[in-house]
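Structural overview for review
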Amino acid sequence: MKKKELVYVTFIRTTPKKLWDAITKPEFARKYWGGMGNVSTWKKGAKWEHVDHDEKGLVRLVGKVLECKPPKRLSLSWASVDDLKDVSRVTFEIEPIEDMVRLNVIHDRLKPGSSMAKGVAWGWPRVISSMKTYLETGKGLNVFAGDDESPCEKNN
Amino acid sequence: MEAVFKALADKSRRELLDQLHKSNGQTLGELCDYLDMTRQAVTKHLALLESANLVVTIRRGREKLHYLNPMPLHEIYERWIGKYERHRLQALSDLKKGLEKNQKGK
């Protein structure tokens with residue numbers, strides 16, 4: 001079956017370095033990514049974890065760093081801790097354009113109809129939108145706003 | 001945002017978006033196969049969709065693939081659909097789908 005591929009392109013008034021830090025430094029990510037951050041040494045082949053930044057520090061997603069070229073390109077393998085066999089891939093591409101940055105988020109190798117495919121189709125626009133707001137105003141959005149039916153929540 | 005509405009105000013362009021929603025990442029040739037339009041017309045529509053950021057292209061080797069980019073639609077959604085309305089809209093949409101399904105079954 002053909003694997004599903006999602007692409008999100010957004011323009012953010014910031015610098016590549018700041019955008020890179022917003023993705024790779026958990027202290028920034030937690031401010032816009034529903035309180036979660038991405039933890040890794042960000043070396044090629046290293047593992048990375050998507051972690052809740054409360055006392056419990058639950059790990060939600062895991063994977064390997066497939067490619068790391070700061071502040072331009074970061075590619076990660078991506079799996080939920082609930083289903084480690086369903087591995088997809090996320091690539092962030094960062095390209096400066098005048099006083100803005102174009103961010104491409106490409107999530108591919110998704111199984112059509114899987115809970116991961118549904119969850120990220122719900123989640124990416126919110127996370128990216130919140131990231132943009134955070135970088136431009138210093139404050140993120142509530143990515144779970146109004147959504148008791150969020151597929152991410154259902155799976156937990 | 002005006003560019004988004006302008007891009008959406010055309011049946012052929014909405015059909016192109018539907019095609020990409022069904023199968024994301026298509027070449028110009030693939031998109032032309034589905035639509036009863038000349039290649040030039042499809043190219044023109046795609047350029048308009050691209051300028052509104054509703055469609056984005058990514059190069060894969062020799063191929064240029066077209067993708068549906070949901071970000072502009074998400075911005076519209078965030079602006080006009082409040083968090084409280086979402087539940088009711090979903091319930092109504094489910095009801096409509098359910099009723100339509102029953103109709104077909106008869």
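Our structure's up above, just so we're on the same page.
Computed from a predicted structure; not experimentally measured.

All names here are of chain A. An order of β1-β7-β6-β5-β4-β3-β2 is seen for the seven strands of this open sheet, with the pairing classed as antiparallel. The sheet is open, and its two edges are formed by β1 (4-12) and β2 (36-40), each paired on a single side. With direction set aside, neighbouring strand axes in the sheet form an average angle of 25 degrees. As judged from the seven bridges shared by strand β5 (residues 73-80) and strand β6 (residues 83-97), these two strands associate in the antiparallel manner. Counted as the bridge partner of R73 is E93 from β6. Docked against the sheet, helix α1 (residues 16-24) engages β1, β2, β4 (59-69), β5, β6 and β7 (100-110), running at close to 165 degrees with respect to β6.

As a measure of interface size, the accessible area lost when the parts come together is often cited. Across the contact, 19 residues belong to chain B and 21 residues belong to chain A. Across the chain B/chain A interface, buried area totals approximately 1700 Å², and carbon plus sulfur atoms make up 50% of it. The salt bridge partner of R60(B) is E5(A), with a shortest N-O separation of 3.1 Å. Counting only elements with at least two residues in the side of chain B that touches chain A, the list comes to β1 (55-60), β2 (63-68), α5 (71-80) and α6 (85-105) of chain B. Split into classes, the residues belonging to the side of chain B that touches chain A amount to seven nonpolar, eight polar and four charged.

Let's shift gears to the packing of helix α2 (residues 11-22) of chain B against helix α4 (residues 39-51) of chain B. Residue and element names in this part refer to chain B. At a minimum axis distance of 10 Å, the contact between α2 and α4 shows a crossing angle of 80 degrees. Classified by the angle between their axes, α2 and α4 sit roughly perpendicular to one another. Residue-level inspection shows S12, R13, L16 and L17 of α2 in contact with α4, the latter providing V42, H45, L46, L48 and L49. Tallied by class, the residues present in the contact of α2 with α4 amount to six nonpolar, two polar and one charged.

Cut-off values and rules
Residues numbered from 1 in each chain as written. Chains lettered and ligands numbered in written order. Predicted model: local features only at pLDDT ≥ 70, side-chain atom pairs only at ≥ 80, totals over all residues. Heavy atoms only, no water. Pairing = 2+ DSSP bridges. Helix = DSSP H or I, 4+ residues; strand = E, 2+ residues; numbered from the N terminus. Axes fitted to C-alpha atoms, helices over the stretch in contact; angles between N-to-C directions. Contact = heavy atoms within 4.5 Å. Buried area = accessible area lost by both parts, 1.4 Å probe. Salt bridge = Lys/Arg side-chain N within 4 Å of Asp/Glu carboxyl O. Nonpolar A, V, L, I, M, F, W, Y, C, P; charged D, E, K, R; others polar. Parallel < 35°, antiparallel > 145°, perpendicular 65-115°, else oblique.

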